[in-house]
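Letter by letter, the chains look like this.
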Amino acid sequence: MSSPSSSSHNDHNDNSQPLEKRAVVSSFIFRFQDGKPLVALFKRSDKVRTYRDHLAPISGSITSEDHDPLATAWRELTEETELNQSNLTHWRTGKPFTFSDQSAGREWTVHPFAFLLKGKQAEESTDDAEPSFKIDWEHTSWEWHSPSSILNEELSPTVPRLKDSFRRIWFEGELRSARAAKTLATGLERLRNDHESGSQELTTIALMILRDFIVQTQDGMDAQWWETVRMAAWHIIKNGRESMGAATMNALVSVLAEVEDVLKDENHKTAEQKWERILSVLDFHLASRKSRATQVKDAFTHYIRYHFLHHGEPRDKLTILTVSASSTIRDSILDAYESLDIHLLELRVLESRPLFEGASIASSLVCNFKSRFKDTPNKNLHVKVYTDASAALAAADVDILLLGADRISATKGVSNKTGSLPAVLCTKHVSPEAQIVVLSDLEKINGSPSVIDDDKHEDNDPVEIMSTWRSDGVKGVGVLEEGMQAAAATTSEEGHSATVSVENIYFEWVPLYMVDAFVSEEGVMDEGRIREKSEQLGKTVDLFFLDL
(Lines give C-alpha, C1' and ligand atoms only; values in the text may rest on other atoms or scores of the structure.)
Protein backbone atom coordinates (compact mmCIF):
# COMPACT_ATOMS: atom_id res chain seq x y z
CA MET A 1 0.00 0.00 0.00
CA SER A 2 1.59 3.28 -1.06
CA SER A 3 1.33 5.72 1.85
CA PRO A 4 3.48 7.48 4.44
CA SER A 5 3.25 4.22 6.31
CA SER A 6 4.61 2.22 3.42
CA SER A 7 7.73 3.71 1.90
CA SER A 8 11.39 3.37 2.80
CA HIS A 9 13.93 5.93 3.98
CA ASN A 10 16.44 3.93 1.96
CA ASP A 11 14.71 4.61 -1.33
CA HIS A 12 16.50 7.47 -3.07
CA ASN A 13 15.02 9.87 -5.52
CA ASP A 14 16.58 12.33 -7.93
CA ASN A 15 15.72 15.71 -6.41
CA SER A 16 15.47 17.18 -9.90
CA GLN A 17 12.41 15.06 -10.60
CA PRO A 18 8.99 16.50 -9.66
CA LEU A 19 7.45 14.92 -6.55
CA GLU A 20 4.47 12.64 -6.99
CA LYS A 21 1.50 14.02 -5.08
CA ARG A 22 -0.33 11.47 -2.98
CA ALA A 23 -3.26 11.91 -0.59
CA VAL A 24 -3.48 9.34 2.21
CA VAL A 25 -5.36 8.54 5.39
CA SER A 26 -3.59 7.90 8.67
CA SER A 27 -5.80 6.09 11.21
CA PHE A 28 -4.88 5.78 14.90
CA ILE A 29 -6.69 3.12 16.93
CA PHE A 30 -7.25 4.02 20.60
CA ARG A 31 -8.37 2.19 23.71
CA PHE A 32 -8.53 3.36 27.30
CA GLN A 33 -7.19 1.22 30.15
CA ASP A 34 -8.01 2.45 33.64
CA GLY A 35 -8.78 5.83 32.12
CA LYS A 36 -5.41 6.06 30.37
CA PRO A 37 -5.18 6.14 26.56
CA LEU A 38 -3.21 3.64 24.52
CA VAL A 39 -2.55 3.80 20.78
CA ALA A 40 -1.90 0.88 18.42
CA LEU A 41 1.07 1.16 16.07
CA PHE A 42 1.92 -1.41 13.41
CA LYS A 43 5.32 -2.49 12.09
CA ARG A 44 5.40 -2.47 8.32
CA SER A 45 6.56 -5.70 6.68
CA ASP A 46 9.39 -6.08 4.16
CA LYS A 47 6.78 -6.88 1.49
CA VAL A 48 5.70 -3.27 1.15
CA ARG A 49 7.50 -0.96 -1.24
CA THR A 50 8.82 1.69 1.15
CA TYR A 51 9.31 2.58 4.88
CA ARG A 52 9.81 -1.11 5.65
CA ASP A 53 10.00 -2.17 9.34
CA HIS A 54 8.83 1.25 10.53
CA LEU A 55 6.08 1.82 13.09
CA ALA A 56 2.97 3.44 11.68
CA PRO A 57 -0.79 3.78 12.07
CA ILE A 58 -3.09 2.12 9.57
CA SER A 59 -2.64 4.06 6.34
CA GLY A 60 -3.67 3.95 2.72
CA SER A 61 -3.94 6.00 -0.42
CA ILE A 62 -7.03 7.96 -1.34
CA THR A 63 -7.59 6.91 -4.93
CA SER A 64 -9.16 8.95 -7.69
CA GLU A 65 -12.37 6.96 -7.16
CA ASP A 66 -12.54 7.93 -3.50
CA HIS A 67 -14.44 11.07 -2.56
CA ASP A 68 -14.46 10.67 1.21
CA PRO A 69 -11.23 10.27 3.21
CA LEU A 70 -13.18 8.78 6.11
CA ALA A 71 -14.60 6.07 3.87
CA THR A 72 -11.05 5.32 2.75
CA ALA A 73 -9.97 5.08 6.39
CA TRP A 74 -12.71 2.55 7.13
CA ARG A 75 -11.77 0.52 4.06
CA GLU A 76 -8.10 0.37 5.02
CA LEU A 77 -8.92 -0.56 8.62
CA THR A 78 -11.04 -3.47 7.47
CA GLU A 79 -8.50 -4.65 4.89
CA GLU A 80 -5.49 -4.43 7.20
CA THR A 81 -6.98 -5.36 10.61
CA GLU A 82 -10.47 -6.81 9.88
CA LEU A 83 -11.88 -4.19 12.23
CA ASN A 84 -15.04 -2.34 11.17
CA GLN A 85 -17.95 -0.34 12.54
CA SER A 86 -19.10 -3.25 14.68
CA ASN A 87 -16.01 -2.97 16.88
CA LEU A 88 -14.67 0.53 16.14
CA THR A 89 -16.12 4.01 16.56
CA HIS A 90 -14.94 6.99 14.53
CA TRP A 91 -13.80 9.30 17.29
CA ARG A 92 -11.95 12.28 15.87
CA THR A 93 -10.90 13.84 12.58
CA GLY A 94 -7.62 15.75 12.35
CA LYS A 95 -6.95 18.71 10.13
CA PRO A 96 -5.11 17.53 6.98
CA PHE A 97 -1.57 18.72 6.31
CA THR A 98 0.97 18.40 3.53
CA PHE A 99 4.71 17.66 3.56
CA SER A 100 7.38 16.50 1.12
CA ASP A 101 9.69 13.50 1.38
CA GLN A 102 12.44 13.83 -1.21
CA SER A 103 13.80 10.36 -0.42
CA ALA A 104 10.49 8.78 -1.39
CA GLY A 105 9.83 11.20 -4.25
CA ARG A 106 6.44 12.06 -2.80
CA GLU A 107 4.45 15.02 -1.57
CA TRP A 108 2.05 13.63 1.00
CA THR A 109 -1.28 15.13 2.02
CA VAL A 110 -2.22 13.33 5.20
CA HIS A 111 -5.78 13.02 6.54
CA PRO A 112 -5.49 11.89 10.19
CA PHE A 113 -8.30 10.03 11.99
CA ALA A 114 -8.77 8.55 15.43
CA PHE A 115 -10.90 5.46 16.14
CA LEU A 116 -11.96 3.95 19.46
CA LEU A 117 -12.20 0.24 20.10
CA LYS A 118 -15.51 -0.70 21.65
CA GLY A 119 -16.85 -3.77 23.44
CA LYS A 120 -14.66 -6.43 25.02
CA GLN A 121 -11.66 -5.60 22.84
CA ALA A 122 -11.42 -2.17 24.44
CA GLU A 123 -11.28 -3.74 27.91
CA GLU A 124 -8.46 -6.21 27.25
CA SER A 125 -5.31 -5.93 29.30
CA THR A 126 -2.11 -5.28 27.40
CA ASP A 127 -0.40 -8.35 28.80
CA ASP A 128 -1.17 -11.94 27.80
CA ALA A 129 -4.29 -10.94 25.87
CA GLU A 130 -5.49 -12.49 22.66
CA PRO A 131 -4.71 -10.23 19.72
CA SER A 132 -7.48 -7.76 18.94
CA PHE A 133 -6.35 -7.42 15.34
CA LYS A 134 -5.83 -9.85 12.53
CA ILE A 135 -3.12 -8.05 10.65
CA ASP A 136 -2.57 -8.64 6.95
CA TRP A 137 0.60 -9.08 4.90
CA GLU A 138 1.52 -5.40 5.15
CA HIS A 139 2.44 -5.76 8.83
CA THR A 140 4.54 -8.12 10.89
CA SER A 141 3.34 -7.07 14.37
CA TRP A 142 1.62 -4.39 16.39
CA GLU A 143 1.84 -2.96 19.91
CA TRP A 144 0.06 -0.55 22.23
CA HIS A 145 1.93 2.67 22.99
CA SER A 146 1.25 5.71 25.17
CA PRO A 147 0.50 9.02 23.45
CA SER A 148 3.50 10.58 25.18
CA SER A 149 5.86 8.08 23.54
CA ILE A 150 4.67 9.33 20.13
CA LEU A 151 4.65 13.04 20.97
CA ASN A 152 8.08 12.82 22.61
CA GLU A 153 9.40 10.81 19.65
CA GLU A 154 10.64 8.00 21.88
CA LEU A 155 9.87 5.27 19.34
CA SER A 156 12.15 4.23 16.52
CA PRO A 157 12.00 3.76 13.65
CA THR A 158 8.73 5.45 12.72
CA VAL A 159 7.30 6.77 9.48
CA PRO A 160 8.00 10.45 8.72
CA ARG A 161 5.91 13.06 10.51
CA LEU A 162 4.20 10.52 12.75
CA LYS A 163 4.11 13.08 15.55
CA ASP A 164 2.50 15.69 13.30
CA SER A 165 -0.22 13.26 12.24
CA PHE A 166 -0.87 12.19 15.81
CA ARG A 167 -0.97 15.64 17.44
CA ARG A 168 -3.79 16.63 15.10
CA ILE A 169 -6.14 14.09 16.67
CA TRP A 170 -4.58 14.00 20.16
CA PHE A 171 -4.49 17.68 21.15
CA GLU A 172 -4.37 16.74 24.85
CA GLY A 173 -0.62 16.27 24.73
CA GLU A 174 0.09 19.54 22.95
CA LEU A 175 -1.74 22.01 25.17
CA ARG A 176 0.05 23.96 27.87
CA SER A 177 -2.84 23.49 30.28
CA ALA A 178 -4.13 20.04 31.23
CA ARG A 179 -7.35 21.68 32.43
CA ALA A 180 -7.83 23.29 29.02
CA ALA A 181 -7.28 19.90 27.34
CA LYS A 182 -9.88 18.29 29.60
CA THR A 183 -12.33 21.12 28.98
CA LEU A 184 -12.04 20.69 25.22
CA ALA A 185 -12.16 16.88 25.26
CA THR A 186 -15.19 16.84 27.59
CA GLY A 187 -16.91 19.49 25.48
CA LEU A 188 -16.43 17.52 22.28
CA GLU A 189 -17.96 14.43 23.87
CA ARG A 190 -20.92 16.49 25.03
CA LEU A 191 -21.56 17.84 21.54
CA ARG A 192 -21.03 14.48 19.83
CA ASN A 193 -23.46 12.63 22.07
CA ASP A 194 -26.21 15.27 22.07
CA HIS A 195 -28.88 13.98 19.71
CA GLU A 196 -31.70 15.99 21.26
CA SER A 197 -30.65 19.64 20.96
CA GLY A 198 -31.13 21.54 17.73
CA SER A 199 -28.29 23.34 15.98
CA GLN A 200 -29.08 26.60 17.78
CA GLU A 201 -28.74 24.94 21.17
CA LEU A 202 -25.62 23.07 20.07
CA THR A 203 -24.07 26.32 18.87
CA THR A 204 -24.70 27.93 22.25
CA ILE A 205 -23.03 24.95 23.91
CA ALA A 206 -20.09 25.24 21.50
CA LEU A 207 -19.61 28.92 22.37
CA MET A 208 -19.63 28.05 26.06
CA ILE A 209 -17.00 25.34 25.46
CA LEU A 210 -14.75 27.80 23.63
CA ARG A 211 -15.19 30.35 26.40
CA ASP A 212 -14.31 27.79 29.09
CA PHE A 213 -11.32 26.68 27.03
CA ILE A 214 -10.02 30.23 26.68
CA VAL A 215 -10.45 30.83 30.41
CA GLN A 216 -8.22 27.80 31.04
CA THR A 217 -5.48 29.19 28.78
CA GLN A 218 -4.92 32.58 30.38
CA ASP A 219 -1.16 32.24 30.51
CA GLY A 220 -0.27 34.32 27.50
CA MET A 221 -1.58 35.74 24.26
CA ASP A 222 1.31 35.05 21.94
CA ALA A 223 1.23 33.55 18.44
CA GLN A 224 1.15 30.02 19.82
CA TRP A 225 -1.84 30.85 22.01
CA TRP A 226 -3.72 32.30 19.05
CA GLU A 227 -2.99 29.20 16.97
CA THR A 228 -4.14 26.99 19.86
CA VAL A 229 -7.43 28.88 20.21
CA ARG A 230 -8.10 28.63 16.47
CA MET A 231 -7.31 24.91 16.45
CA ALA A 232 -9.62 24.39 19.44
CA ALA A 233 -12.40 26.13 17.50
CA TRP A 234 -11.67 23.89 14.50
CA HIS A 235 -12.02 20.77 16.69
CA ILE A 236 -15.28 22.03 18.19
CA ILE A 237 -16.69 22.42 14.68
CA LYS A 238 -15.30 19.23 13.17
CA ASN A 239 -15.33 16.80 16.10
CA GLY A 240 -18.47 17.91 17.85
CA ARG A 241 -21.56 17.42 15.70
CA GLU A 242 -20.28 18.10 12.18
CA SER A 243 -23.61 17.37 10.51
CA MET A 244 -25.09 20.28 12.47
CA GLY A 245 -21.88 22.29 12.60
CA ALA A 246 -22.44 25.06 10.04
CA ALA A 247 -24.09 27.31 12.64
CA THR A 248 -21.31 26.50 15.10
CA MET A 249 -18.67 27.30 12.49
CA ASN A 250 -20.15 30.68 11.64
CA ALA A 251 -20.67 31.63 15.27
CA LEU A 252 -17.13 30.67 16.27
CA VAL A 253 -15.59 32.42 13.27
CA SER A 254 -17.46 35.60 14.22
CA VAL A 255 -15.99 35.33 17.71
CA LEU A 256 -12.49 34.69 16.36
CA ALA A 257 -12.72 37.78 14.14
CA GLU A 258 -13.52 39.97 17.13
CA VAL A 259 -10.87 38.32 19.30
CA GLU A 260 -8.30 39.02 16.60
CA ASP A 261 -9.38 42.68 16.57
CA VAL A 262 -8.84 42.83 20.33
CA LEU A 263 -5.35 41.33 19.99
CA LYS A 264 -4.45 43.97 17.38
CA ASP A 265 -6.11 46.89 19.19
CA GLU A 266 -3.51 49.29 20.55
CA ASN A 267 -6.08 50.79 22.92
CA HIS A 268 -5.98 47.60 25.01
CA LYS A 269 -2.38 47.80 26.08
CA THR A 270 -2.21 45.39 29.02
CA ALA A 271 -2.85 41.66 28.99
CA GLU A 272 -5.52 42.10 31.64
CA GLN A 273 -7.42 44.59 29.50
CA LYS A 274 -7.26 42.25 26.53
CA TRP A 275 -8.50 39.29 28.58
CA GLU A 276 -11.45 41.26 29.89
CA ARG A 277 -12.35 42.41 26.39
CA ILE A 278 -12.05 38.89 24.91
CA LEU A 279 -14.34 37.43 27.58
CA SER A 280 -16.84 40.25 27.06
CA VAL A 281 -16.88 39.41 23.32
CA LEU A 282 -17.78 35.81 24.10
CA ASP A 283 -20.42 36.83 26.64
CA PHE A 284 -21.96 39.25 24.14
CA HIS A 285 -22.25 36.55 21.47
CA LEU A 286 -23.87 34.17 23.95
CA ALA A 287 -26.37 36.80 25.08
CA SER A 288 -27.25 38.00 21.57
CA ARG A 289 -28.36 34.60 20.31
CA LYS A 290 -31.88 35.12 21.66
CA SER A 291 -32.35 38.31 19.65
CA ARG A 292 -31.48 36.48 16.40
CA ALA A 293 -34.18 33.89 17.09
CA THR A 294 -36.67 36.73 17.65
CA GLN A 295 -35.78 38.25 14.28
CA VAL A 296 -36.36 34.93 12.52
CA LYS A 297 -39.77 34.54 14.16
CA ASP A 298 -40.77 38.09 13.20
CA ALA A 299 -39.72 37.46 9.60
CA PHE A 300 -41.93 34.36 9.47
CA THR A 301 -44.92 36.32 10.78
CA HIS A 302 -44.37 38.94 8.10
CA TYR A 303 -44.13 36.22 5.44
CA ILE A 304 -47.46 34.67 6.49
CA ARG A 305 -49.15 38.07 6.57
CA TYR A 306 -47.91 39.02 3.11
CA HIS A 307 -48.62 35.72 1.36
CA PHE A 308 -51.74 34.40 3.06
CA LEU A 309 -53.67 37.35 4.55
CA HIS A 310 -54.34 39.44 1.49
CA HIS A 311 -55.15 43.08 2.24
CA GLY A 312 -55.17 42.27 5.95
CA GLU A 313 -58.35 40.24 5.69
CA PRO A 314 -58.92 37.51 8.33
CA ARG A 315 -58.46 33.89 7.37
CA ASP A 316 -60.59 31.03 8.61
CA LYS A 317 -57.94 28.31 8.39
CA LEU A 318 -54.22 27.88 7.72
CA THR A 319 -52.76 24.42 7.23
CA ILE A 320 -49.06 23.79 7.83
CA LEU A 321 -47.14 20.54 7.42
CA THR A 322 -43.75 20.29 9.10
CA VAL A 323 -40.87 17.85 9.47
CA SER A 324 -38.86 19.34 12.27
CA ALA A 325 -37.97 19.10 15.95
CA SER A 326 -36.87 22.73 16.05
CA SER A 327 -37.97 24.95 18.91
CA THR A 328 -37.59 27.88 16.47
CA ILE A 329 -40.17 26.27 14.17
CA ARG A 330 -42.52 25.68 17.11
CA ASP A 331 -42.23 29.21 18.48
CA SER A 332 -42.41 30.84 15.05
CA ILE A 333 -45.66 29.05 14.23
CA LEU A 334 -47.27 30.05 17.51
CA ASP A 335 -45.97 33.63 17.35
CA ALA A 336 -47.35 34.09 13.84
CA TYR A 337 -50.68 32.55 14.82
CA GLU A 338 -50.94 34.83 17.85
CA SER A 339 -50.18 37.96 15.83
CA LEU A 340 -52.40 37.25 12.83
CA ASP A 341 -56.14 37.10 12.36
CA ILE A 342 -56.44 33.35 11.71
CA HIS A 343 -59.26 31.39 13.34
CA LEU A 344 -58.07 27.78 12.97
CA LEU A 345 -54.50 26.55 12.68
CA GLU A 346 -54.23 22.99 11.45
CA LEU A 347 -50.74 21.68 12.05
CA ARG A 348 -49.67 18.38 10.50
CA VAL A 349 -46.53 16.70 11.78
CA LEU A 350 -44.68 13.63 10.51
CA GLU A 351 -43.63 11.38 13.40
CA SER A 352 -39.92 11.29 12.37
CA ARG A 353 -38.58 7.87 13.22
CA PRO A 354 -36.53 6.45 14.86
CA LEU A 355 -36.52 9.00 17.71
CA PHE A 356 -40.07 10.27 17.02
CA GLU A 357 -39.16 13.94 17.27
CA GLY A 358 -42.34 14.77 15.38
CA ALA A 359 -44.48 13.35 18.19
CA SER A 360 -42.40 15.31 20.69
CA ILE A 361 -42.78 18.64 18.93
CA ALA A 362 -46.52 18.03 18.43
CA SER A 363 -46.85 17.50 22.18
CA SER A 364 -44.80 20.62 22.86
CA LEU A 365 -46.95 22.68 20.50
CA VAL A 366 -50.15 21.57 22.20
CA CYS A 367 -48.77 22.38 25.67
CA ASN A 368 -47.48 25.78 24.58
CA PHE A 369 -50.76 26.57 22.83
CA LYS A 370 -52.77 25.80 25.96
CA SER A 371 -50.66 28.10 28.11
CA ARG A 372 -50.45 30.98 25.62
CA PHE A 373 -54.03 31.01 24.31
CA LYS A 374 -56.11 29.95 27.30
CA ASP A 375 -57.64 33.43 27.57
CA THR A 376 -57.75 34.15 23.84
CA PRO A 377 -61.13 33.65 22.12
CA ASN A 378 -61.49 32.47 18.53
CA LYS A 379 -58.11 30.74 18.46
CA ASN A 380 -58.14 27.02 17.75
CA LEU A 381 -55.37 24.51 17.12
CA HIS A 382 -55.81 21.10 15.56
CA VAL A 383 -52.73 18.88 15.45
CA LYS A 384 -52.52 15.81 13.22
CA VAL A 385 -49.60 13.41 13.62
CA TYR A 386 -48.88 11.20 10.60
CA THR A 387 -46.58 8.24 10.13
CA ASP A 388 -43.56 8.97 7.97
CA ALA A 389 -44.96 6.68 5.27
CA SER A 390 -48.09 8.87 5.08
CA ALA A 391 -46.29 11.95 3.76
CA ALA A 392 -48.49 12.15 0.65
CA LEU A 393 -51.66 11.99 2.73
CA ALA A 394 -50.30 14.57 5.15
CA ALA A 395 -49.47 16.91 2.26
CA ALA A 396 -52.95 17.01 0.76
CA ASP A 397 -54.41 20.55 0.64
CA VAL A 398 -51.71 22.13 2.81
CA ASP A 399 -50.85 25.80 2.47
CA ILE A 400 -47.24 25.50 3.63
CA LEU A 401 -44.67 22.78 4.04
CA LEU A 402 -42.42 24.31 6.70
CA LEU A 403 -38.89 22.96 7.11
CA GLY A 404 -36.06 23.90 9.40
CA ALA A 405 -32.42 23.61 8.38
CA ASP A 406 -29.48 22.04 10.11
CA ARG A 407 -27.26 23.24 7.29
CA ILE A 408 -27.66 25.14 4.02
CA SER A 409 -25.21 24.44 1.20
CA ALA A 410 -24.87 26.50 -1.96
CA THR A 411 -24.33 23.29 -3.92
CA LYS A 412 -26.29 20.58 -2.08
CA GLY A 413 -29.32 22.45 -0.78
CA VAL A 414 -30.97 22.29 2.63
CA SER A 415 -29.98 19.57 5.08
CA ASN A 416 -32.85 18.69 7.39
CA LYS A 417 -34.36 15.72 9.17
CA THR A 418 -34.63 12.57 7.06
CA GLY A 419 -38.12 12.51 5.59
CA SER A 420 -37.92 16.14 4.43
CA LEU A 421 -37.27 15.31 0.78
CA PRO A 422 -40.20 12.83 0.51
CA ALA A 423 -42.42 15.46 2.14
CA VAL A 424 -41.31 18.07 -0.42
CA LEU A 425 -41.86 15.73 -3.36
CA CYS A 426 -45.25 14.64 -2.07
CA THR A 427 -46.34 18.22 -1.43
CA LYS A 428 -45.35 19.34 -4.91
CA HIS A 429 -47.34 16.45 -6.38
CA VAL A 430 -50.55 16.51 -4.34
CA SER A 431 -50.62 20.23 -3.43
CA PRO A 432 -48.77 22.08 -6.20
CA GLU A 433 -50.03 25.48 -5.00
CA ALA A 434 -48.47 25.00 -1.56
CA GLN A 435 -45.41 26.98 -0.55
CA ILE A 436 -42.21 25.09 0.37
CA VAL A 437 -40.68 27.30 3.07
CA VAL A 438 -37.37 26.92 4.91
CA LEU A 439 -37.16 28.83 8.18
CA SER A 440 -33.60 29.32 9.30
CA ASP A 441 -31.11 31.92 10.44
CA LEU A 442 -28.14 32.67 8.21
CA GLU A 443 -25.69 30.94 10.54
CA LYS A 444 -26.81 27.66 9.00
CA ILE A 445 -25.18 28.49 5.64
CA ASN A 446 -22.05 26.41 5.11
CA GLY A 447 -19.40 28.75 3.81
CA SER A 448 -16.54 26.28 3.85
CA PRO A 449 -17.02 22.73 2.52
CA SER A 450 -13.34 22.16 3.31
CA VAL A 451 -14.25 22.34 7.02
CA ILE A 452 -17.85 21.06 7.02
CA ASP A 453 -18.02 18.31 4.41
CA ASP A 454 -21.36 18.49 2.59
CA ASP A 455 -20.84 15.04 1.09
CA LYS A 456 -20.48 13.38 4.47
CA HIS A 457 -23.59 12.02 6.17
CA GLU A 458 -24.01 11.14 9.81
CA ASP A 459 -24.39 7.42 10.47
CA ASN A 460 -26.03 6.62 13.78
CA ASP A 461 -26.41 3.51 15.87
CA PRO A 462 -28.80 1.01 14.23
CA VAL A 463 -29.78 -0.09 17.73
CA GLU A 464 -32.06 2.97 17.87
CA ILE A 465 -34.12 1.48 15.05
CA MET A 466 -33.92 -2.14 16.13
CA SER A 467 -34.93 -1.41 19.71
CA THR A 468 -38.16 0.06 18.34
CA TRP A 469 -38.74 -3.11 16.33
CA ARG A 470 -38.16 -5.26 19.39
CA SER A 471 -40.47 -3.21 21.60
CA ASP A 472 -43.17 -3.38 18.91
CA GLY A 473 -42.78 -7.14 18.58
CA VAL A 474 -41.73 -7.06 14.92
CA LYS A 475 -41.20 -10.58 13.63
CA GLY A 476 -37.83 -11.61 12.25
CA VAL A 477 -35.68 -9.13 14.17
CA GLY A 478 -33.45 -11.98 15.32
CA VAL A 479 -32.75 -12.98 11.71
CA LEU A 480 -31.73 -9.42 10.89
CA GLU A 481 -29.43 -9.29 13.91
CA GLU A 482 -27.74 -12.50 12.75
CA GLY A 483 -27.26 -10.92 9.33
CA MET A 484 -25.64 -7.87 10.90
CA GLN A 485 -23.27 -10.09 12.87
CA ALA A 486 -22.41 -11.95 9.67
CA ALA A 487 -21.64 -8.64 7.96
CA ALA A 488 -19.25 -7.73 10.78
CA ALA A 489 -17.44 -11.06 10.45
CA THR A 490 -17.26 -11.14 6.65
CA THR A 491 -14.05 -10.22 4.86
CA SER A 492 -13.57 -9.53 1.18
CA GLU A 493 -11.88 -12.94 0.77
CA GLU A 494 -14.86 -14.94 1.90
CA GLY A 495 -17.35 -16.44 -0.51
CA HIS A 496 -21.11 -16.89 -0.26
CA SER A 497 -22.80 -15.03 2.60
CA ALA A 498 -26.07 -13.32 3.52
CA THR A 499 -25.44 -10.08 5.33
CA VAL A 500 -27.64 -7.29 6.64
CA SER A 501 -27.02 -3.63 7.43
CA VAL A 502 -29.50 -1.29 9.11
CA GLU A 503 -29.02 2.34 8.06
CA ASN A 504 -29.87 5.03 10.58
CA ILE A 505 -29.20 8.36 8.85
CA TYR A 506 -30.64 11.47 10.47
CA PHE A 507 -30.33 14.07 7.70
CA GLU A 508 -30.94 14.41 3.98
CA TRP A 509 -30.68 17.15 1.35
CA VAL A 510 -33.50 19.10 -0.27
CA PRO A 511 -32.23 20.88 -3.43
CA LEU A 512 -32.37 24.68 -3.33
CA TYR A 513 -34.52 24.90 -6.45
CA MET A 514 -37.32 23.00 -4.71
CA VAL A 515 -37.68 25.69 -2.04
CA ASP A 516 -40.04 28.63 -2.67
CA ALA A 517 -38.84 30.85 0.17
CA PHE A 518 -35.93 31.00 2.60
CA VAL A 519 -37.09 33.01 5.61
CA SER A 520 -34.26 34.34 7.77
CA GLU A 521 -33.47 37.17 10.16
CA GLU A 522 -32.82 39.29 7.05
CA GLY A 523 -36.24 38.49 5.64
CA VAL A 524 -37.00 36.33 2.60
CA MET A 525 -33.93 35.31 0.62
CA ASP A 526 -33.54 33.69 -2.76
CA GLU A 527 -31.07 31.09 -4.00
CA GLY A 528 -28.70 33.71 -5.40
CA ARG A 529 -28.38 35.48 -2.07
CA ILE A 530 -27.58 32.18 -0.35
CA ARG A 531 -24.78 31.48 -2.82
CA GLU A 532 -23.40 34.99 -2.30
CA LYS A 533 -23.54 34.61 1.47
CA SER A 534 -21.82 31.22 1.29
CA GLU A 535 -18.95 32.68 -0.73
CA GLN A 536 -18.49 35.53 1.75
CA LEU A 537 -18.48 33.16 4.72
CA GLY A 538 -16.00 30.85 3.01
CA LYS A 539 -13.43 33.62 2.69
CA THR A 540 -13.79 34.47 6.37
CA VAL A 541 -13.47 30.85 7.49
CA ASP A 542 -10.28 30.41 5.47
CA LEU A 543 -8.68 33.37 7.23
CA PHE A 544 -8.72 31.51 10.54
CA PHE A 545 -8.28 27.85 9.62
CA LEU A 546 -6.45 27.56 6.31
CA ASP A 547 -2.96 27.99 7.76
CA LEU A 548 -3.36 25.60 10.73
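Worth saying up front: this structure is predicted, and the values here are computed from it rather than measured.

1. What to know about the domain arrangement of the protein
Here comes step 1: According to the domain assignment, the protein consists of domain 1 (20–119 + 133–173), domain 2 (175–290) and domain 3 (295–450 + 508–546).
Here comes step 2: Each of domain 1 and domain 3 has a C-alpha centre, and these two points are 43 Å apart.

2. Things to note about the sheet that holds strand β9 (residues 315–323)
Here comes step 1: The seven strands lie next to each other as β11-β10-β9-β12-β15-β17-β18, forming an open sheet whose pairing is mixed. This sheet does not close on itself; its edge strands, each paired only once, are β11 (380–386) and β18 (523–525). Going across the sheet, the axis of each strand differs from the next one's by a mean of 25 degrees, ignoring polarity.
Here comes step 2: Inspection of the sheet shows β9 paired to strand β12 (residues 400–403) by four bridges, in the parallel sense. When the sheet's bridge partners are listed, L321 is paired in β12 with L401.

3. Considering helix α9 (residues 327–339)
Here comes step 1: Between its first and last C-alpha, α9 extends 18 Å over 13 residues, near the 18 Å set by a 1.5 Å rise per residue.
Here comes step 2: Counted residue by residue, α9 has 10 buried out of 13 residues, so it is predominantly covered.
Here comes step 3: Where α9 begins, the capping side chain belongs to S326, and its oxygen is found 3.0 Å from the backbone nitrogen of T328.

4. Some words on the packing of helix α6 (residues 223–238) against helix α7 (residues 246–264)
Here comes step 1: Running from N to C, α6 and α7 point in directions that differ by 170 degrees, and their axes come no closer than 10 Å. Relative to α7, α6 is oriented roughly antiparallel. Residues W225, W226, V229, R230, A233, I236 and I237 of α6 form the contact with α7, whose own contacting residues are T248, M249, L252, L256, V259, E260 and L263.

5. Quick notes on the packing of α7 against helix α8 (residues 271–308)
Here comes step 1: Contact geometry for α7 and α8: axes closest at 10 Å, N-to-C directions at 155 degrees. Looking at the two axes, α7 sits roughly antiparallel to α8. Crossing angle aside, the handedness with which α7 passes α8 is right-handed. Here α7 contributes A251, S254, V255, E258, V259, V262 and L263 to the contact with α8, which in turn contributes K274, R277, I278, V281, L282, H285 and R289.
Here comes step 2: Its residues placed into classes, the contact of α7 with α8 shows eight nonpolar, two polar and four charged.

Analysis parameters
Residues numbered from 1 in each chain as written. Predicted model: local features only at pLDDT ≥ 70, side-chain atom pairs only at ≥ 80, totals over all residues. Heavy atoms only, no water. Domains from an automatic or database assignment. Pairing = 2+ DSSP bridges. Helix = DSSP H or I, 4+ residues; strand = E, 2+ residues; numbered from the N terminus. Axes fitted to C-alpha atoms, helices over the stretch in contact; angles between N-to-C directions. Expected span 1.5 Å × (residues − 1). Buried < 20%, exposed > 50% of the residue type's maximum accessible area, 1.4 Å probe, protein only. Polar contact = N/O pair within 3.5 Å; in protein donor to acceptor, adjacent residues only side chain to side chain. Parallel < 35°, antiparallel > 145°, perpendicular 65-115°, else oblique. Contact = heavy atoms within 4.5 Å. Left-handed = near helix turned anticlockwise from the far one by under 90°. Nonpolar A, V, L, I, M, F, W, Y, C, P; charged D, E, K, R; others polar.

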